[in-house]
Amino acid sequence: MEKTSVRVLCPKLLIIRDVSGLQWLIGSPFFPQFTIVSTLTCIHTLGDSTSPDYNKESEDLRTLLLRGFHVIGALVVGSKCDLERVAGEAADASRRMRKFLYGDEYGGKLGNQDLIGAIADSESGEIHFFVSRENPTGLECVSSVIYEDDSGKYVWDTGCLLHCVLPIKLPFYFPVNSPSDAGEMYLRATDVIIAKLKDSDVTYMVETLNETSVEAPGPVILHGAKLDFQADLFDVNRFGDSSQGSGAKSFPCSYFCSKNKAVFSVEHADIIQVSLLLNKSRTSSKSAAPIAEYFPASEQTKLLVVDYKLEVLCYAAKDLPVTYAVSKLVVPGLVDQLNSIKNTILPNLLTQHLQLHPYHFCPPGFLHPITVIYELSYGETEMKQVEVRRSLHSRLGLPFDRPLLRIANALNLSTTKDSAKSNSIRRGSSLLRDVHVGIPSSGVSGGVVSLVQGSYEYHHYLQDGFDDSGWGCAYRSLQTIVSWFRCQHYSSIEVPSHREIQQALVEIGDKDPSFVGSREWIGAIELSFVLDKLLGVSCKVINVRSGAELPEKCRELALHFENQGTPIMIGGGVLAYTLLGVDYNESSGDCAFLILDPHYTGNDDLKKIVNGGWCGWKKAVDSRGKNFFLHDKFYNLLLPQRPNMV
């Protein structure tokens, strides 16, 4: 008998969290049995931390998990205990969860497979794995545990992503005198949509988004009448690497995947686009005239239209026939998401117009994406949304001091071949980023360099065809600072224009309406007002009476870059600059300032910017005795504080 092994793809530390309780072990039907790809913490419990609320947990997991991944066991984190008893209870919990999630799907196989029960000692970190057998019933201790080194390559060499977007407008009528019937009518209308997804008149077009050459495979059309929705995914015959026939049923998913690249992460995964088309016309051998039927309403009715957009992501083995990828992954995924949105909308159907939108994320430490449905009626900084994200951070084992699940963090799944040329899910701005990287050293002997943490965009005079030469340097510095918060995903707002900055100051009462559209300067205090209004970011301000005093602040500035890491705006004097770092020798007092100068008026040529000194180290007094900071002018330094937030 072959020795039972557990294979762990996720980093070992993700299995042991600093929280006692239950965690769901996630695997895939496309991986060898007992292969763990990720863990999700159970956050809905009844009484103690190891008694799941299966209804709430299953609702969350059905949304979070892509079709193509499923629960394969459970892990209990705690102190020393009866290992076999607790492992058996963990496996039983996962078996019950699978029945809640999948019911009799796949002939009940998902609820009746052999599962993992594991115990992690919260003190020593030691993990004990057991396998709970369904037939014959029993618990087996597993001594062979394999931690995969190249887990990203393992996941994405095996599989690919299927992406389907489906906008829906759902009209239905309900009696004006009986608004309580609206819910029932809405449920019926939703059931019609679900049935339509499997209708024989529905056509699915499958095409690649990764290949843009003339050798790219053409789209494949799958007719609903020929899709097998009853097949058991576990019994489907899968292709070898080179298998390919002539019919649509003979195409493996690999037909749409790139043949010339190695894939190590989700950002570069092969993406197959699935589009749903409805055949409104039919050919018939019989002649027939159009028929219209009229069903008069017995009482006054009201029309309500609910509209939303489904966006489903699934994971499939590359050797899975594409027909089964659509019928057993994409369509069930659409149904799951539609039901999830329906259950959220139903309680407030007539009182609120919820704006629900699905987003896909791949947080640090995760090998596969997860899906979250956000309510867009609330701003990202409003407490309700913050609590939703905190709950997700808790489930996913993510830190609570940085935004990892904001809309700006979401994977950008391109839906056109033109935008797929980059072979990347994420897209960015065309402005220069991080122009300080690679510049010559400051010349400070024995100094310690403290720099801005993370990325930013370089904003300067005359960008975007807007002439702000002579008055807009502080505006440009503010734009660079806002870009830093965007690049670190603290916010998804667009970088504000000069006019939008002015409008924000008018709205808070700091400026008169005539200020909008003017060429008036702004300083550090105004920047702090705008950052607070637009981003909810607080700032610290350092005042110095003379430029000669700035070197005395180097230690404080170094601490800012080490602890906060945000760009600093230097105002006052007659010019505004952005400070990106300091090089400071505490013993000698020698120091230099890494200045990003917004007064540059040329094109975005990195070599020209660096060679021209528009981004570079500046001594308070240079080798010729010239003062960079004027001794007869005051300066205000604006130090934006990194939000401690999710």
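See above for the structure.
Keep in mind that this is a model prediction, so the values were computed, not measured. (Residues numbered from 1 in each chain as written. Predicted model: local features only at pLDDT ≥ 70, side-chain atom pairs only at ≥ 80, totals over all residues. Heavy atoms only, no water.)

Undergrad: What should I look at first to understand the overall build of the protein chain in this one?
TA: The helix and strand tally for the protein chain stands at 11 helices and 23 strands. In terms of principal-axis extent, the alpha carbons of the protein chain reach across some 90 × 70 × 55 Å. A total of 646 residues make up the protein chain; the buried ones form 51% of that total. Pairs at least 24 residues apart make up 70% of the contacts formed inside the protein chain by residues separated by at least 6 positions. As presented, the protein chain carries roughly 30300 Å² of accessible surface, and 49% of it is formed by carbon and sulfur atoms. Each charge sign in the protein chain was given a centre, from 62 positive and 74 negative side chains, and these centres are 3 Å apart. (Helix = DSSP H or I, 4+ residues; strand = E, 2+ residues; numbered from the N terminus. Buried < 20%, exposed > 50% of the residue type's maximum accessible area, 1.4 Å probe, protein only. Contact = heavy atoms within 4.5 Å. Areas by Shrake-Rupley, 256 points an atom, 1.4 Å probe, with all protein chains shown as cover. Lys, Arg positive; Asp, Glu negative; His and termini not counted. Charge placed at Lys NZ, Arg CZ, Asp CG, Glu CD.)

Undergrad: How should the side chain of Thr 190 be read in this particular structure?
TA: Along the chain, Thr 190 falls in helix α4 (residues 182–197). Its relative accessible area of 0% is what places Thr 190 among the buried residues. The contact partners of Thr 190, leaving out residues within four places of it in the chain, are Leu 170, Leu 338 and Lys 342.

Undergrad: For this particular structure, what's the right way to read the packing of aromatic side chains?
TA: The geometry of two aromatic rings is summed up by the distance between their centres and the angle between their planes. Scanning the entire structure with this criterion turns up 22 aromatic pairs. Judged by centre distance (5.5 Å) and plane angle (20°), the ring pair of Tyr 54 and Phe 100 falls under stacked. Taken together, the residues Tyr 54 in helix α1 (residues 54–64) and Phe 100 in helix α2 (residues 83–102) connect sequence positions 46 residues apart. By relative accessible area, which is 31% here, Phe 100 ends up partly exposed. Measuring from centroid to centroid gives 4.7 Å for Phe 69 and Tyr 315, while their planes differ by 25°, and the two rings are stacked. Taken as a pair, Phe 69 in the loop between α1 and β5 (70–78) and Tyr 315 in strand β14 (residues 301–317) lie far apart in primary sequence, 246 residues in all. Of the two residues examined, Phe 69 and Tyr 315, each falls in the buried class. Taken together, the ring pairs connect Phe 30, Phe 31, Phe 69, Tyr 154, Trp 156 and Tyr 315 into an aromatic cluster. (Phe/Tyr/Trp six-rings, centres within 6.5 Å; stacked < 30°, edge-to-face > 60°.)

Undergrad: So what exactly am I meant to see when it comes to unusual backbone geometry here?
TA: Most peptide bonds adopt trans geometry, and most residues besides glycine take a negative phi value. A positive phi is found at Asp 464, a non-glycine position, where the angle reads about 60°. Note on placement: Asp 464 falls in the loop between β17 (448–451) and α7 (473–487). Overall, the relative accessible area of 66% leaves Asp 464 in the exposed class. If you check the backbone angles, His 489 has positive phi at about 65° while not being a glycine. A residue is classified by how much of its surface remains accessible, and His 489, at 23% relative accessible area, is partly exposed.

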